[in-house]
Amino acid sequence: MSHTVLVCDDAVFMRTMLSDILQQAGFTIVGEADTGTKAVAKYKELRPDLVTMDIVMPDMGGIDAVREIVSFDPGARVVMCSAMGQQALVVDAIQAGAKDFVVKPFQPSRVLEAVQRVVG
Amino acid sequence: MAEMSLDLSKYVDLFLSEGREHIGELTEALNEMETTPSSDDAVAAAFRAVHSIKGMAAAMGYTVVTERANAMESALDSLRRGESQVTPSLLGHLIDEADELAREIEAAVIQPASETPGESAPDRGASVPPATTESARRTNTHVRVRASRLDALMNLVGEIEIARGRMEREVARIDDDQLSSSFENASRLLHDLRDQVIGARMVPVGQVFERFPRLVRETARSLEKEVDFTLDGADIELDRTILDRIGDPVMHLLRNSLDHGIEAVAERERDGKAVRGRLTLSAQREAGYVLIRVADDGRGINREKVLRRALELDLVDRDATNLDDVALLRVLAHPGFSTASSVTDVSGRGVGLDVVDAAVRILGGTIEIKSVAGRGTAITLRLPLSVAIVRSLVARVGEELFAIPFTHVLETLSLEPPASALRGAAWTTTEISGSQVGIVVLGNLFGVPTRISAQMPGVSVLARGRRAALIVDAFVGQQDVVVKHYDPPREGSPMFSGATVLGDGSPALIVDVNSLI
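Residues numbered from 1 in each chain as written. Chains lettered and ligands numbered in written order. Predicted model: local features only at pLDDT ≥ 70, side-chain atom pairs only at ≥ 80, totals over all residues.

Draft legend 1. Region of the structure containing the overall build of chain A. Per the secondary structure count, chain A includes five helices and five strands. In chain A, the order of α-helices and β-strands from amino to carboxyl end is β-α-β-α-β-α-β-α-β-α. Burial status across chain A gives 48% buried among its 120 residues. For chain A, long-range pairs separated by at least 24 residues make up 59% of all intrachain contacts whose partners lie at least 6 apart in sequence. (Helix = DSSP H or I, 4+ residues; strand = E, 2+ residues; numbered from the N terminus. Buried ≥ 20, exposed ≤ 12 C-beta atoms within 10 Å, placed from the backbone. Contact = placed C-beta atoms within 7 Å.)

This is how it looks when you write it as structure tokens:
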């Protein structure tokens, strides 16, 4: 059984690239979200094994979304995707309940290492 | 963890379209900041837009774009945090920067940051840079041209080719050194022009094949098989029309290999084979053709079972005891053979091979099959480089000329027509070096008055895995013929695939060898 993933990023480009990386490694992408609000709603609906979460998104940012997801499901496994220069926000995200983070631009091996550690 | 890399060229289009979108959002947000300097929403929207562009550009390795977006992001971030104020001069600066960023996004995809030698640039369609882009960056500019315009060009080249042929005879007749040398020069240029026009229609097979690695992986996973897939020769070029039409047949062959060829892990272990099966899709140029090959190291085709079924369906001689590769293909490609559901599992192959065969034939290509029990199967599609020009053997039958495409020609020979040919039979057989070979007497077939003599020129052809000899009256020569549209008669079998005009101006029909044997 492959793990299910919800990919959250406001850029189609990033979602596509991330989905490709994860699918190639055997994950099943069950949903995508382009805002924090949608990420929370989709999480509740799909209950994926894993969430990848962008920090900067319109409507509701990724950190607030993590907070809401974790308060809904304390066992939620979220990996943050941050751009370079957002280290400070990563700390916020971990405090909000994210399990790990990867820095854009993505290195496929680094992404897989992080998600496999989290779902493993 | 398995070594993994991303083929960034796949994301170029997405980068460009989404980058343009974000530029639009950025421009809108900056305009709003101009009219409502206190708008936090506008600042946040502008920040998100450059942030997204920065992330995408960094992923693509477009450093120029990344750096400018990063600088803009910093400025917008400090506005967002209230650390600085929107001033007309800052806004003016941001608007200029946005314009620069827009140009750099367009330029980046034209001249990729990490250009690998030998890697052909993907077709980016209408990504023409703005007029202000440095001329140095224009060297790789792409222009989108309608396919019908390329067809028209090809057609014109064909017409000029015909005119050249006529002129050649005149030049030979007049026999003037000056004229001959000018004519030769013009001929050479025309030849170059023709190659350029054909080249303009060519695209690398990778454009269609690059989706296969993922499909193979997913199919293998769903079948719970371990497969290493290799794609070779992605940069080999093929006529766009041909490439578009072979995508599905190739996928079909890959599926067959995964489904029926490559064994489950347990079976491979038991047979002492490497646990991971190997599946290769390769493209290769070979003297005027492109060979597309799908090869696996699976169990091979079970010839006994195919033969048994072929005997039941009356597809082979009653006394046949084995099937060689040629006979095997003929049986498997027989319409309906493989679609009989009871056969698919038994034969271990052949599901829809008739469909693949038909698709390849329409393009003037042929299929070859090689299969060794326990070792694997390789299926090769031999395709012409272009559908517009066909290298042909020109033969005379009676007073008429016919072009026989080289794709099918094995050799020319001289043979003794069987007695039935004298009686007007079009299809017959004769013995050539110990084996029975089908004979098609073209004169009788086409109803052209022809004189049957004791020894006649013939051409040994191969089509649909079957060999046969076509008997003609005489060989005229070989020539690249330009295929012209041809309306086949409504009645009867379509024996011709097109028409052409030869160098001397005489018309000739192009023989559809596949339909004859």
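Draft legend 2. Geometry of the overall build of chain B. If you tally the helices and strands in chain B, you get 17 helices and 17 strands. For chain B, the proportion of its 517 residues judged to be buried stands at 38%.

Draft legend 3. Region of the structure containing the interface of chain A and chain B. At the junction of the two partners, chain A supplies 19 residues and chain B supplies 18 residues. With seven residues, helix H1 (residues 12-24) of chain A is the single largest residue contributor to the side of chain A that touches chain B. Counted by class, the side of chain A that touches chain B contains 13 nonpolar, four polar and two charged residues. (Nonpolar A, V, L, I, M, F, W, Y, C, P; charged D, E, K, R; others polar.)

Draft legend 4. A look at the sheet that holds strand E4 (residues 78-83) of chain A. Residue and element names in this part refer to chain A. Taken in spatial order, the five strands of this open sheet run E2-E1-E3-E4-E5, and their pairing is parallel. Either end of the sheet is taken by a strand with one partner, and the two such strands are strand E2 (28-33) and strand E5 (100-104). In this sheet, adjacent strand axes meet at a mean angle of 20 degrees when their direction is disregarded. Where strand E3 (residues 50-54) and E4 come together, four bridges link them in parallel fashion. Directly across from Thr52, in E4, lies its bridge partner Val79. (Pairing = 2+ DSSP bridges. Axes fitted to C-alpha atoms, helices over the stretch in contact; angles between N-to-C directions.)

Draft legend 5. Helix H6 (residues 177-200) of chain B, seen in detail. Between the first and last C-alpha of H6 of chain B there are 35 Å, a value that for 24 residues agrees with the 34 Å anticipated at 1.5 Å per step. Burial within H6 of chain B is sparse, with just two of its 24 residues counted as buried. (Expected span 1.5 Å × (residues − 1).)

Draft legend 6. Structural view of the nonpolar core. Counting residues in each nonpolar core, the largest one holds 82 residues, and the members touching the most others are Leu254, Leu328, Ile404, Val440, Leu470 and Ile471 of chain B. A total of eight residues in this core trace back to one element, the largest contributor, which is helix H9 (residues 240-261) of chain B. When residues of this core are assigned to domains, at least three fall in each of domain 3 (204-384) and domain 4 (389-516) of chain B. Ignoring sequence-local partners within four residues, the contact set of Val440 of chain B consists of Ala426, Trp427, Leu445, Ala468, Leu470, Ile471, Leu516 and Ile517 of chain B. Core analysis: the second largest hydrophobic core is formed by 76 residues, Ala96 of chain A together with Met33, Leu94 and Ile105 of chain B among them. (Core = buried A, V, L, I, M, F, W, Y, C linked by C-beta atoms within 7 Å. Domains from an automatic or database assignment.)

Draft legend 7. Broad picture of the environment of Val356 of chain B. Residue and element names in this part refer to chain B. Take Val356: it is sitting in helix H14 (residues 353-362). Separated by 108 residues in the primary sequence, Val356 and Asp248 place their C-alpha atoms 8.3 Å from one another. In this view, Val356 contacts Pro249, His252, Leu253 and Ile367; residues no more than four positions away in its chain are not counted.

Draft legend 8. Layout of the pairing of strand E6 (residues 366-372) of chain B. Residues and elements named next belong to chain B. One ladder, built from seven bridges, connects E6 with strand E7 (residues 376-384); its direction is antiparallel. When the sheet's bridge partners are listed, Val372 is paired in E7 with Gly376. Between E6 and the antiparallel strand that follows it, E7, lie three residues; Gly374 among them carries a positive phi value of about 80 degrees.

Draft legend 9. Focus on the environment of Met60 of chain A. All names here are of chain A. Position of Met60 among the secondary structure elements: in the loop between E3 and helix H3 (62-72). Each C-alpha atom, one on Met60 and one on Val40, is 9.6 Å from the other, the two residues being 20 residues apart in sequence. Setting aside chain neighbours within four positions, we find Met60 in contact with Thr35, Gly36, Thr37 and Ala65.

Draft legend 10. Layout of unusual backbone geometry. All names here are of chain A. Positive phi, normally seen in glycine, also occurs at Arg47, with a value near 45 degrees. Tracing the sequence through the fold places Arg47 in the loop between helix H2 (36-46) and E3. For Arg47, a count of 13 C-beta atoms within 10 Å corresponds to the partly exposed category.

Draft legend 11. Summary view of the sheet that holds E6 of chain B. Residue and element names in this part refer to chain B. Pairing is mixed in the open sheet, where five strands are placed in the order E2-E4-E5-E7-E6. The open sheet has two edge strands, strand E2 (227-232) and E6, and neither has a second partner. Each adjacent strand pair in this sheet contributes to an overall mean axis angle of 10 degrees, direction not counted. Across the sheet, helix H8 (residues 212-222) is in contact with E2 and strand E4 (277-286); its angle to E2 comes to roughly 165 degrees.

Draft legend 12. Spatial organisation of helix H5 (residues 108-119) of chain A. Residue and element names in this part refer to chain A. Here H5 spans 16 Å end to end across twelve residues, near enough to the 16 Å set by a 1.5 Å rise per residue. Within H5, the full set of buried residues consists of Pro108, Val111, Leu112, Ala114 and Val115. All buried residues of H5 project into a common sector of 165 degrees when viewed along the axis, lining one side. Along H5, exposed side chains directed more than 90 degrees from the buried face belong to Arg110 and Arg117. Where H5 is buried, its residues touch H1, E3, E4 and E5. (Arc of directions from axis to C-beta.)

Draft legend 13. Examining the confidence of the model for chain B more closely. Residue and element names in this part refer to chain B. Counting all residues, the mean pLDDT for chain B is 80, and 87% of those residues have values of 70 or more. A low-confidence stretch, residues 112-139 stays under pLDDT 50, and its non-local contacts, those more than four residues away or across chains, total 43 contacts. For the stretch residues 339-350, pLDDT sits under 50, and the model shows 25 contacts to residues farther than four places along the chain or on other chains. We note a pTM of 0.49 for the whole complex and an ipTM of 0.81 for its interfaces. (pLDDT = per-residue confidence, 0-100.)

Draft legend 14. Representation of the packing of H9 of chain B against H14 of chain B within the structure. All names here are of chain B. At a minimum axis separation of 10 Å, H9 and H14 run at an interaxial angle of 155 degrees. When the interaxial angle is binned, H9 and H14 end up roughly antiparallel. As H9 packs across H14, the resulting crossing turns out to be left-handed. Touching Arg245, Ile246, Pro249, His252 and Leu253 of H9 are Val355, Val356, Ala359 and Val360, all from H14. Within the contact of H9 with H14, the residues separate by chemical class into seven nonpolar, one polar and one charged. (Parallel < 35°, antiparallel > 145°, perpendicular 65-115°, else oblique. Left-handed = near helix turned anticlockwise from the far one by under 90°.)

Draft legend 15. Local environment of the packing of H8 of chain B against H9 of chain B. Residues and elements named next belong to chain B. Contact geometry of H8 with H9 gives a least axis separation of 10 Å together with a crossing angle of 30 degrees. Taken together, H8 and H9 sit at an angle that is classed as roughly parallel. Handedness of the H8/H9 crossing: right-handed. Counting all contacts with H8, which are made through Phe212, Leu215, Val216, Thr219 and Ala220, the residues of H9 involved are Met251, Leu254, Arg255 and Leu258. Looking at the contact of H8 with H9 residue by residue, the class counts come to seven nonpolar, one polar and one charged.

Draft legend 16. Structural detail: the environment of Leu14 of chain B. Summarising the element assignment, Leu14 of chain B is placed in helix H1 (residues 12-35). Leu14 of chain B has contacts with Val12, Phe13 and Thr16 of chain A, leaving out every residue within four places of it along the chain.

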